[in-house]
Amino acid sequence: MPTYHHGNLRSTLLAAAERSLRQHGAGQLSLRELAREAGVSHAAPRRHFADRQALLDALAEAGFARLHTELRAALTDAGTDFGARLHAVATAYLRFATEDAALLELMFTGKHREGAEHLVAAAAGPFGLLHDLIVEGQAQGMLEPGPPDRAGTVLFATLQGIATLVNGNLVAAELLDGITRTAVDQFLRGARPR
């Protein structure tokens, strides 16, 4: 196959890798196969990704950036009411977690790997928004005072649990919106100052 200059090969490869990740999981990702799909030589992807791990890390980093953008947009659209903001963020997070489950798994496992400081930094964006939202709720008297990480961990564990149930086909996806509303309402009731 003749090689040619591809105007935006990195983006093309990442988009193809994300599609493959959704369909087949991370185990099936191959630089050679992505090159074939993009119509370039099998060596061309190495100009952008030194190896398969570099490609996986780039996917995870892009995933954290997209999650950050989606959570920020949800907060902006929700206005100033804390309850509405919390509902919007929970809904946006769970939409991402259920529509891109393989990507989310790659994001979380990747950031805990030794030498993945760039993924930890990328994760700081979306998780910083969640942290700031908890602090906002505490400042408004909607959530108990105390270490924000404690309430944040409970909220995150709840959302992850819901995503795991939906992704594992233990709960029907069409029930997600109602379950999300119930979970956030119960979190707000339970975390309210006494």
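Predicted, not measured: the structure shown is a model, and the values here were computed from it. (Residues numbered from 1 in each chain as written. Predicted model: local features only at pLDDT ≥ 70, side-chain atom pairs only at ≥ 80, totals over all residues. Heavy atoms only, no water.)

Enquirer: What exactly am I supposed to notice about helix α8 (residues 176-191) here?
Expert: Along an α-helix, a turn takes 3.6 residues, which lines up residues three or four apart on a common side. Here α8 spans 22 Å end to end across 16 residues, near enough to the 22 Å set by a 1.5 Å rise per residue. For α8, the set of buried residues is L176, T180, A183, V184, F187, L188 and A191. Buried positions in α8, seen along its axis, are confined to an arc of 130 degrees and lie on one side of it. Buried residues along α8 sit against α4 (82-99), α6 (117-139) and α7 (148-167). (Helix = DSSP H or I, 4+ residues; strand = E, 2+ residues; numbered from the N terminus. Expected span 1.5 Å × (residues − 1). Buried < 20%, exposed > 50% of the residue type's maximum accessible area, 1.4 Å probe, protein only. Arc of directions from axis to C-beta. Contact = heavy atoms within 4.5 Å.)

Enquirer: I'm lost on the packing of aromatic side chains in this one. Help?
Expert: Under the defined criterion, the tally for this structure stands at five aromatic pairs. Between the aromatic rings of F64 and F108, the centroid separation amounts to 6.5 Å while the plane-to-plane angle is 50 degrees, which identifies the pairing as tilted. A residue pair is termed long-range when its members are at least 10 positions apart, and F64 in helix α3 (residues 52-78) and F108 in helix α5 (residues 101-111) qualify at 44 residues. There is no split in this pair, since F64 and F108 are both buried. Where F108 meets F156, the ring centres are 5.8 Å apart and the plane angle is 85 degrees; that geometry is what we call edge-to-face. In this pair, F108 is assigned in helix α5 and F156 in helix α7, connecting sequence segments 48 residues apart. Judged by its relative accessible area of 26%, F156 is partly exposed. A connected cluster of aromatic rings, assembled from ring pairs, spans F64, Y93, F108, F127 and F156. (Phe/Tyr/Trp six-rings, centres within 6.5 Å; stacked < 30°, edge-to-face > 60°.)

Enquirer: Help me understand the nonpolar core in this model?
Expert: Membership of the largest hydrophobic core comes to 61 residues, with the highest contact counts inside it found for L86, Y93, M107 and F187. Those residues within four positions of M107 in sequence are excluded, and the remaining contacts are A60, G63, F64, L67 and F96. (Core = buried A, V, L, I, M, F, W, Y, C linked by side-chain atoms within 4.5 Å.)

Enquirer: How should the packing of helix α1 (residues 9-24) against α3 be read in this particular structure?
Expert: Pairs of packed helices are described in terms of their axes, by the angle between the two and the distance that separates them. Interhelical geometry of α1 versus α3 gives an angle of 85 degrees and a closest axis separation of 10 Å. By the angle between their directions, the pair α1 and α3 is classed as roughly perpendicular. Residue-level inspection shows R10, L14, A17, E18, L21 and R22 of α1 in contact with α3, the latter providing L55, A58, L59 and R66. In terms of residue class, the contact of α1 with α3 is built from six nonpolar, no polar and four charged. (Axes fitted to C-alpha atoms, helices over the stretch in contact; angles between N-to-C directions. Parallel < 35°, antiparallel > 145°, perpendicular 65-115°, else oblique. Nonpolar A, V, L, I, M, F, W, Y, C, P; charged D, E, K, R; others polar.)

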